[in-house]
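In case you want the letters, here they are:
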Amino acid sequence: MANARSEILSRIREALKVVAPKPHFKSEPIGGSVAQNAKPWLPDGGATVAARLALLTENLAKLKANLIRVPDAVAAQQVLQGIARDKNWKKVAYHSHPLVAPAVEALTCEKWEVTSSFNKQKLEGCDAGVTSCEAIVAQLGSILVSSASSGGRSLSILPHVHVVIATVDQVTADLEGCFSDMLGRHGQKLPSMLSFITGPSRTGDIERILVLGAHGPKELYVILVG
Amino acid sequence: MRISLFIPCFVDQLAPQVGLATVKVLKKLGHDVEFRAEQTCCGQPSYNSGQWEVAREGAIRALKIFRGAEVVVGPSGSCVAMIKKFYPDLLKDTPHAAEAKELAQRTFEFSEFIVRQLGVTDIGATLNKKVTYHDGCHAMRELRLKEEPRQLLRAVRGLELIETEESESCCGFGGLFSVKFPMISTAMVQVKGGALARTGADYVVSSDPSCLLQIGGWLTREGKPIRPMHIAEVLAEGLPANV
Amino acid sequence: MSNAKDIFLKEATTAAADGPQRIFINKALGGYYANRDIQKARFRDWERARDAASLAKWEAVNDLANTLEAFVAKFESNGGKVHWARNAAEAREIILQLIAAANAKAVVKSKCMTTEEIHLNDALEKAGYSVVESDLGEFIQQLRGEAPYHFVFPCMHVKREEISALFTKHLGTAATNSPEELTMIARRHLRQLYVDADVGITGANFLVAETGQISITENEGNARLTAALPRIHIALSGIEKVVKKLDDLSVLLPMLATAGAGQPMTCYNTLYSGPRKPGECDGPEEFHLVLLDNARTQLLADPEQRDALHCIRCGACLNVCPIFKNIGGLAYGTTYQGPIGSVITPHLRGLKQWNHLSGASSLCGACTDACPVRIDLHHHLLHNRRNANQTSPTWFDRLFHRGFNFVISRPRLFAFGGRVFRFTLPVLKKIPLPYLSAWLKTRDLPPAPAQSFRQQWKDSSHG
């Protein structure tokens, strides 16, 4: 339907011959992008590291996600072991990453590393997925995972529990800064999936009553190192 | 100041007491009041029904009627919104555009005029009753009046002002909507009227007589004790008879 | 009853008379209002953020051809394939061909109103494919054989007992009154279906021209699974969903969540820029995007209402609309309910057939105040009424308003007519008359005063 393309585009060009008035800001924009202008009007992301961490803690608590702060990678391993024991995990999926792999490999239950010989049925049978992330957004309590940094698309969504291990320096103030970091880090080669995870999976479809774990993880743990 | 009254057609015919109270309050504030008898209806029913050519004729008549008036003040958020907001839209790109804009600038809703233009909040009225205020949609969303009528009511001696849940919900009048889609209009006034009745107030006060027609009509039919009262009537309570 | 207006009047009458159902809907929305206000308060300036969101969409929509072309070039350089559809039939045809070419059997879908718009499920089922809606609300509506009630909260009108009975009937599960257990039943049922599906179909909330990504917003994780597990990912999107810059989403995503569901951010906001890339361990082999016009360009051609294409489908206008709350979503008979539906449906499906939706509003403006991208919704209802009157006027309306104008343009006649009306009102109340009888069915009129204001003014010292 090659001509569908040209026909739609020419319909659009024809339609736009009459100009619609531009919506105006209450005060004149200072210049730069819409997003940069809007930054001071959006929820605060925290100006200092301490402010960002405080906001993140508050936001994750409201989202019913569990934030555990640890001083170093060894402590992160111990925390993960504790969760695995408490939840009686039989099988844990993870991916190769310097923060993730040592922590998971220290677990006593069955471990499965997702690689290119990915098997979705096998992943569905795992109790938990442990991943790293691209960034954490203090402003909203969102964890940015990607298909490149977090073991593909399914690891952070299919298992019943999702554990993220991240470092304090991955906590960024706001969404705008996070996008800018992503473009800086990956340039034109963005991972095929970038996903902001804001709390455990949820639904309100039945009588608008909140239920966690609709299709994705029922529980979300964030182990923050440093 | 010489104030030219803008009395909505159904206030003229069905609720003249609202017009009289408006006169009384404005005179109490020391102003001259005139009523230009050529005025009838602002044309909103036709405007809202999509009959813009018809409505445009009404708008042009109104421009002529109020030509030269220092200020125009009306006791209805909806009808004032017609002049202030919709006439300029209706008459844009016509030879009347400039005059429509100019009339819009010197036309005011009753509470807007007293609080914003005159800077007065206490008229000196007395009413020993519990009242709740209904925000007419046009006053609240087209004219952005929310605090002004409340400021006036709070200053009335003996008056207890209470807020209603659903205070920002539409009463369901909507002009001809109320009779073209009576089942929806009625459902809306059930929600609104029910909330008003639950407040236990003696009066529901509004700056929109059309909302009060709808709300009052339903309350009476349902036998609810709370009564409708226009804000001008409230502010005229307890004022000396001849001011 | 064949025409849309008659059906609407009948359905709206029934729904408006259902008091318990109206209370149920109002109660369901109560939590939304509270949460929305909490989240709005977290914005440092919600009103100016609305300006920014509106501007971001304006910039893309008013440069739509270039923005779309830039998007498509990026999208294809990322390894995806774009298909253009002028109308619903073409979109269905494209999707059916893609599925056939992939030799697929089972299709899993995540929530997408655009697929409702083109009636995709019917077409897929007729072609012999098994299609399952994976969003919980859509899944429930699919089992009920009913269209979504609300384009964000598809089954908000259904009570848990009904859902329990539905699941018992279709899935053979035990009865329960717990929303949590009901959700888990659906979760367990759908899991294997994701794993088994060959094709995943999603919508798109935004298309990002700068990067060639599509952005999908959801709470449950079903769209994530739909775009991760099947071999083929097909997304369907209206052409108006495009934005210029990636960071436009730093404004739009939080606003969508707050306005739409009272959340700081929807649980999953995911950007897809192609099929599985080398070095990635999973993801679809093919990624297709179908770009749909379906009369959007007609709306675009109306500069007065072009801002309706800014809509991000958050549903905020429905949630505050007293019409929606009292007649519910099904009465509209449209894909898009509530104020935005009443504005755009006449453009998408014909003004003559659908203008009654623009009439069925008190024009209260709650929708316009709620819209995060500042669409002038309630004034557009007036514009539709005007346009309908210009293109297909009814004789009754014409006669009524011309007659009314005849009277009000003659002050003496008006005064005389008013006097006659007041004196005869007690009699008029007893005879069937258009409009007056409709009023009196549920509401009283105050007794007519003996004298009008103008008489009293004249008789007093003022005159």
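Preceding this paragraph is the structure being described.
Fair warning: this is a prediction, and the values are worked out from it, not measured in the lab.

**Remarks on the overall build of chain C**
What chain C contains, in helices and strands, is 24 helices and ten strands. Burial analysis of chain C (463 residues in total) assigns 64% to the buried set. Long-range pairs, those at least 24 residues apart, make up 73% of the contacts in chain C with a sequence separation of at least 6. Per element, the accessible surface of chain C, about 16,200 Å² overall, is 56% carbon and sulfur. The centroid of the 54 positive side-chain charges in chain C is displaced by 9 Å from the centroid of its 46 negative side-chain charges.

**A look at the sheet that holds strand E9 (residues 268-272) of chain C**
The mixed open sheet is built from eight strands, whose spatial order is E8(A)-E5(A)-E6(A)-E9(A)-E9(C)-E6(C)-E5(C)-E8(C). The open sheet has two free edges, formed respectively by strand E8 (171-172) of chain A together with strand E8 (242-243) of chain C, since each of these has just one partner strand. Relative to E8(C), strand E5 (residues 206-208) of chain C runs parallel, the two sharing two bridges. Paired with C:Leu207 across the strands is C:Val242, a residue of E8(C).

**Thoughts on the interface of chain C and chain B**
Chain C puts 64 residues into the contact, and the matching count from chain B is 62 residues. Around 5,600 Å² of area is buried between chain C and chain B when both sides are counted, 61% of it from carbon and sulfur atoms. For chain C, the biggest contributors to the area lost against chain B are C:His401, C:Arg443 and C:Phe453; these three give 13% of the whole. Taken together, the connections running from chain C to chain B amount to five salt bridges.

**Looking at the environment of A:Gln139**
Counting through the fold element by element, A:Gln139 comes out in the loop between strand E5 (135-137) and strand E6 (142-146). Through-space distance from the C-alpha of A:Gln139 to that of A:Glu58 is 10.0 Å; in sequence the pair is 81 residues apart. Among residues more than four places away in sequence, those in contact with A:Gln139 are A:Leu42, A:Pro43, A:Asp44, A:Gly45, A:Asn59, A:Ala173, A:Asp174, A:Leu175 and C:Arg42.

**A few points about the sheet that holds strand E5 (residues 130-134) of chain B**
All names here are of chain B. Taken in spatial order, the four strands of this open sheet run E6-E5-E7-E8, and their pairing is parallel. Strands at the two margins of the open sheet, each flanked by one partner only, are strand E6 (160-162) and strand E8 (227-230). Ignoring which end each strand starts from, the neighbouring axes of this sheet average 35 degrees apart. Strand direction decides the pairing type here: E5 and E6, joined by three bridges, are parallel. Bridged to Lys130 within E6 is Glu160. The sheet contacts of helix H12 (residues 209-222) involve E5, strand E7 (203-206) and E8, and relative to E8 the element is tilted by about 165 degrees.

**A word on the environment of C:Pro322**
Inspection of the secondary structure assignment puts C:Pro322 in helix H15 (residues 322-327). Between the C-alpha atom of C:Pro322 and that of C:Pro339, which follows or precedes it by 17 residues, the distance is 10.0 Å.

**Focus: the layout of surface pockets**
In this approach the atoms are scanned with a rolling probe the size of a water molecule, which exposes any empty space left behind. Taken as a whole, the largest pocket holds about 1,500 Å³ of empty space. In terms of lining, the largest pocket is formed by 50 residues, of which the most central are B:Phe10, B:Pro45, B:Leu176, C:Phe400 and C:Phe404. Residue classes in the lining of the largest pocket are distributed as 34 nonpolar, 15 polar and one charged.

**Focus: the interface of chain A and chain C**
Bring the parts together and some accessible area is lost; that lost area is often taken as the interface size. If you look at the interface, chain A gives 88 residues, while chain C gives 105 residues. On the surface where chain A and chain C come into contact, there are seven salt bridges. Two residues, A:Glu207 and C:Arg160, come together in a salt bridge whose shortest N-O distance is 3.0 Å. Where chain A touches chain C, the interface holds 51 residue pairs in polar contact (both at pLDDT 80 or more). A per-class count over the side of chain A that touches chain C returns 45 nonpolar, 26 polar and 17 charged. Judged from the five bridges that link them, strand E9 (residues 193-197) of chain A and E9(C) form a sheet pairing that is antiparallel. From the neighbouring strand, A:Ile197 faces E9(C), where its bridge partner is C:Tyr268.

Calculation criteria
- Residues numbered from 1 in each chain as written.
- Chains lettered and ligands numbered in written order.
- Predicted model: local features only at pLDDT ≥ 70, side-chain atom pairs only at ≥ 80, totals over all residues.
- Heavy atoms only, no water.
- Helix = DSSP H or I, 4+ residues; strand = E, 2+ residues; numbered from the N terminus.
- Buried < 20%, exposed > 50% of the residue type's maximum accessible area, 1.4 Å probe, protein only.
- Contact = heavy atoms within 4.5 Å.
- Areas by Shrake-Rupley, 256 points an atom, 1.4 Å probe, with all protein chains shown as cover.
- Lys, Arg positive; Asp, Glu negative; His and termini not counted.
- Charge placed at Lys NZ, Arg CZ, Asp CG, Glu CD.
- Pairing = 2+ DSSP bridges.
- Buried area = accessible area lost by both parts, 1.4 Å probe.
- Salt bridge = Lys/Arg side-chain N within 4 Å of Asp/Glu carboxyl O.
- Axes fitted to C-alpha atoms, helices over the stretch in contact; angles between N-to-C directions.
- 1 Å grid on protein atoms, 1.4 Å probe; cavity = no way out; pocket = protein on both sides within 12 Å on 5 of 7 lines; lining within 4 Å.
- Points joined across faces, edges and corners; volume = space filled by probe spheres on them.
- Nonpolar A, V, L, I, M, F, W, Y, C, P; charged D, E, K, R; others polar.
- Polar contact = N/O pair within 3.5 Å; in protein donor to acceptor, adjacent residues only side chain to side chain.

Just geometry here; none of it tells us what the structure is for.
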